[in-house]
Amino acid sequence: MTKPLNLGVFEILTPSNGVPTWRHPNGRARRYGDVAYWSDVARTLDEAGFDFLFFADSYGYPIIDGEVPDEVMRHGILFPGYDPMLLVSAVSQAAPGLGIVVTSSTSLEQPFPTARRFATLDEFTGGRIGWNIVTGSTAQVTEGLFGISHYDHDTRYDVADEFVDLCRTLWEDGWDDDAVRFDVDGDTLVDPSRVHEIDYRSRHFASRGLFKVPPGPQRTPVLFQAGASGRGKDFGARNAEAMFTQGQNKEQARASSQDIRARVAAAGRDPHDLRILSGVTVTVAETSDEAAAKRRELEELFSSDDAAILFAGFTGIDLRSLDPKMHLDDIPRNDQGQTPLDRYRTVEGVDTVQDVLDAFRVQERGFVVTGDPVSVAEELIETAEYADVDGYMLEPTFGDMGAYQDFIRLVLPELRRRGAWREPDREATLRERLGFPEATPGFRPERRG
Ligand SMILES: Cc1cc2nc3c(=O)[nH]c(=O)nc-3n(C[C@H](O)[C@H](O)[C@H](O)COP(=O)(O)O)c2cc1C
């Protein structure tokens, strides 16, 4: 039987999502810094019944050999950008049922203030906040910006395990449920016997004292993870409730889901106790010809040079500096991010440097689904079933909310007719919306470090 899909939207607080769509009439251009615009996006998604709005984020920007290519600024390739964390409160008031997931790095932030921010946002959003935990892209840039040296790739994940352990300790052990009283007759605002001192010490972090923020409806924000190396997936299997993946095709996505679920089981959890959510770019129109024409128009906006710069930003690898005929397996590895390259290793027809660049230009993130409403709905359902993914994060195509409005108008009714989508409970916390029975976390990994 078809299972209802979880649906979210993937956004970045930049003028475009990588493809330079800001100059297109349906781009968001200057509105990327307009709180009213984002509130409108959130309201639209909420009214339609989407589960969440997700904000990717990074302090960095693409560089090649230590230099910022001119195109980064001229074409707006992940530049400029604002801090999405500061948008959450405003946007959540416009969309009272919608979850909001915001990215925060374990390599650049500190656990205590991170825990405080998310606990505050859990209260302010009425239990609808999620944390996309990243060890961080653009590592070379952030070393300069923060004046630090990063640990190597795998150690960053060891640090992240401890970072999350400390945050969970603050969220889950600091307060009993009924500690806040506001009891005038009993002369007690907070019952001191129900607030507990934290004394946490691990290899990389220590914290002793009280956590001043009382628990919100979820206590712990819903923990998302993005990062798909073996070590990244093990981190997700241990800590996350939802994983953001970028399937390129059904076969690869299925293998990836099997791998993730096996790692979740190895971490002592039910393998389906984690939502796998794949990125997808949907271009839909009344007819498949119209949809194909729109899709072509989108692809024409993204030049090969801009694509190479974006790719270098994610991976530290400038594909243009390599022999276009070099085999994929011979591309030198570095310590930045392995996923964007690894995801092409099992894609048929992608063998060389030139193939990677060509493939990335037309499919930078997740599945590409183009067609009329019925074919799009059927492809999404079939892919989810075959690849064992629980839902999708939609990309914005030209940049404004047109892609979401098309999806809501044309695809959602078809999904619903096929039992693959149902009206959500808008009173539920984000965790409950994702199909977990309790408002608060159902599991807690054993402490490490
Ligand atoms: C699908 C996906 C989305 C990501 N989103 C972000 C992001 O928004 N901000 C960020 O700093 N890093 C992001 N990352 C980077 C990861 O957190 C991680 O640092 C990087 O991918 C290297 O880990 P890996 O080799 O396990 O993939 C993302 C990675 C993936 C695969």
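Residues numbered from 1 in each chain as written. Predicted model: local features only at pLDDT ≥ 70, side-chain atom pairs only at ≥ 80, totals over all residues. Heavy atoms only, no water.

Engineer: What should I look at first to understand the environment of L412 in this one?
Structural biologist: With respect to the helices, strands and loops of the structure, L412 is situated in helix α14 (residues 402–417). Along the backbone, L412 and T339 are 73 residues apart, and their C-alpha atoms lie at a distance of 31 Å. L412 has contacts with L7, A48, F407 and W421, leaving out every residue within four places of it along the chain. (Helix = DSSP H or I, 4+ residues; strand = E, 2+ residues; numbered from the N terminus. Contact = heavy atoms within 4.5 Å.)

Engineer: How should I be thinking about the pattern of salt bridges in this particular structure?
Structural biologist: Note that side chains of opposite charge can pair when their charged atoms are close. As enumerated under the stated definition, the model contains 34 salt bridges in all. Of the charged contacts in the structure, one is a salt bridge between D388 and R261, with a shortest N-O distance of 2.9 Å. With a gap of 127 residues between them, D388 in the loop between α13 (373–387) and β13 (391–394) and R261 in helix α8 (residues 250–266) connect regions that are remote in the sequence. Residue classification places D388 among the partly exposed residues on the basis of a relative accessible area of 27%. (Salt bridge = Lys/Arg side-chain N within 4 Å of Asp/Glu carboxyl O. Buried < 20%, exposed > 50% of the residue type's maximum accessible area, 1.4 Å probe, protein only.)

Engineer: Sorry if this is basic, but what is going on with the nonpolar core here?
Structural biologist: Counting 76 residues, the largest nonpolar core has F50, W131, W171, Y392, F407, V411 and L415 as its most contacted members. Take this core: its biggest share by element is nine residues, from helix α6 (residues 153–173). Not counting chain neighbours up to four residues away, the residues in contact with L415 comprise L5, L7, A377, I381, F407, A420 and W421. Counting residues in hydrophobic clusters, the runner-up holds 44 residues, among them F244, A312, L430 and L434. (Core = buried A, V, L, I, M, F, W, Y, C linked by side-chain atoms within 4.5 Å.)

Engineer: What is the right way to look at the packing of aromatic side chains in this model?
Structural biologist: Each aromatic ring pair is described using two quantities: the centre-to-centre distance and the angle formed by the ring planes. Counting across every chain of the model gives 19 aromatic pairs. Through a chain of ring-to-ring contacts, three or more aromatic side chains come together here, namely F10, F52, F54, F224 and F244. Of note, R269 hangs over the ring of F443, and the distance from its end group to the ring centre comes to 3.8 Å. Lying across the ring of F436, R275 places its NZ or CZ 4.3 Å from the centre. (Phe/Tyr/Trp six-rings, centres within 6.5 Å; stacked < 30°, edge-to-face > 60°. Lys NZ or Arg CZ within 6 Å of the ring centre and 35° of its normal.)

Engineer: Sorry, what's going on with the site of the ligand here?
Structural biologist: Among the 21 residues in the neighbourhood of the ligand, the closest are listed as D57, H153, Y157, S229 and T339. For the ligand, a nitrogen atom lies 2.5 Å from a polar atom in the backbone of D57. Between an oxygen atom of the ligand and a main-chain N or O atom of S137, the distance comes to 2.9 Å. Split into classes, the residues belonging to the shell around the ligand amount to six nonpolar, 14 polar and one charged. (Near = heavy atom within 4 Å. Polar contact = N/O pair within 3.5 Å; in protein donor to acceptor, adjacent residues only side chain to side chain. Nonpolar A, V, L, I, M, F, W, Y, C, P; charged D, E, K, R; others polar.)

Engineer: What's the story with the side chain of D406 in this structure? I'm lost.
Structural biologist: Within the element layout of this structure, D406 appears in helix α14. Discounting residues that sit within four places of it in the chain, D406 has contacts with V284, K294 and V411.

Engineer: Got a minute to help me understand the packing of α6 against helix α7 (residues 230–239) in this structure?
Structural biologist: The relative placement of two packed helices is expressed as an angle between their axes plus a distance between the axes. Running from N to C, α6 and α7 point in directions that differ by 15°, and their axes come no closer than 10 Å. Taken together, the axes of α6 and α7 are roughly parallel relative to one another. Both α6 and α7 take part in a crossing whose hand is right-handed. In this structure, α6 uses D154, Y157, D158, A160, D161, V164, D165 and R168 to contact α7, whose residues at the interface are R231, G232, F235, R238 and N239. Per-class residue counts for the contact of α6 with α7 are four nonpolar, two polar and seven charged. (Axes fitted to C-alpha atoms, helices over the stretch in contact; angles between N-to-C directions. Parallel < 35°, antiparallel > 145°, perpendicular 65-115°, else oblique. Left-handed = near helix turned anticlockwise from the far one by under 90°.)

Engineer: Could you clarify how one ought to interpret a negative patch on the surface in this entry?
Structural biologist: On the surface, D425, E427, E432 and E438 cluster together into a patch of negative charge. Position of E427 among the secondary structure elements: in the loop between α14 and α15 (430–433). (Patch = residues over 30% accessible without salt bridge, like charges linked within 9 Å, V, L, I, M, F, W, Y side chains within 5 Å. Areas by Shrake-Rupley, 256 points an atom, 1.4 Å probe, with all protein chains shown as cover. Lys, Arg positive; Asp, Glu negative; His and termini not counted. Charge placed at Lys NZ, Arg CZ, Asp CG, Glu CD.)

Engineer: Any chance you could explain the side chain of D122 here in plain terms?
Structural biologist: Looking at the secondary structure, you find D122 in helix α4 (residues 111–124). Buried and without a salt bridge, D122 has R431 as its closest oppositely charged side chain, separated by 6.6 Å. In terms of polar contacts, D122 uses its side chain to reach the backbone amide nitrogen of Q218, at 2.7 Å. In this view, D122 contacts G127, R128, I129, G216, P217, Q218 and R219; residues no more than four positions away in its chain are not counted.

Engineer: Is there a simple way to explain the packing of α7 against α8 in this structure?
Structural biologist: The contact between α7 and α8 brings their axes to 8 Å, and the two run at 55°. Viewed along their axes, α7 and α8 adopt a mutual orientation that is oblique. Crossing handedness for the pair α7 and α8: right-handed. Of the residues in α8, those in contact with G230, K233, D234 and A237 of α7 are S256, D259, I260, R263 and V264.

Engineer: Mind showing me how you'd approach unusual backbone geometry here?
Structural biologist: Trans is the common state for peptide bonds, and a negative phi is the common state for residues other than glycine. A cis amide bond links F79 to the next residue, P80, at an omega of -10°. Examined against the element boundaries, P80 turns out to sit in the loop between α2 (70–74) and α3 (88–94). The phi dihedral of T138 is positive, around 50°, even though this residue is not glycine. The topology assignment puts T138 in the loop between β4 (129–134) and α5 (139–146). By relative accessible area, T138 is classed as buried at 8%. Although it is not a glycine, F182 adopts a positive phi angle of roughly 50°. Note that F182 resides in strand β5 (residues 180–183). Overall, F182 belongs to the exposed group, its relative accessible area being 61%.

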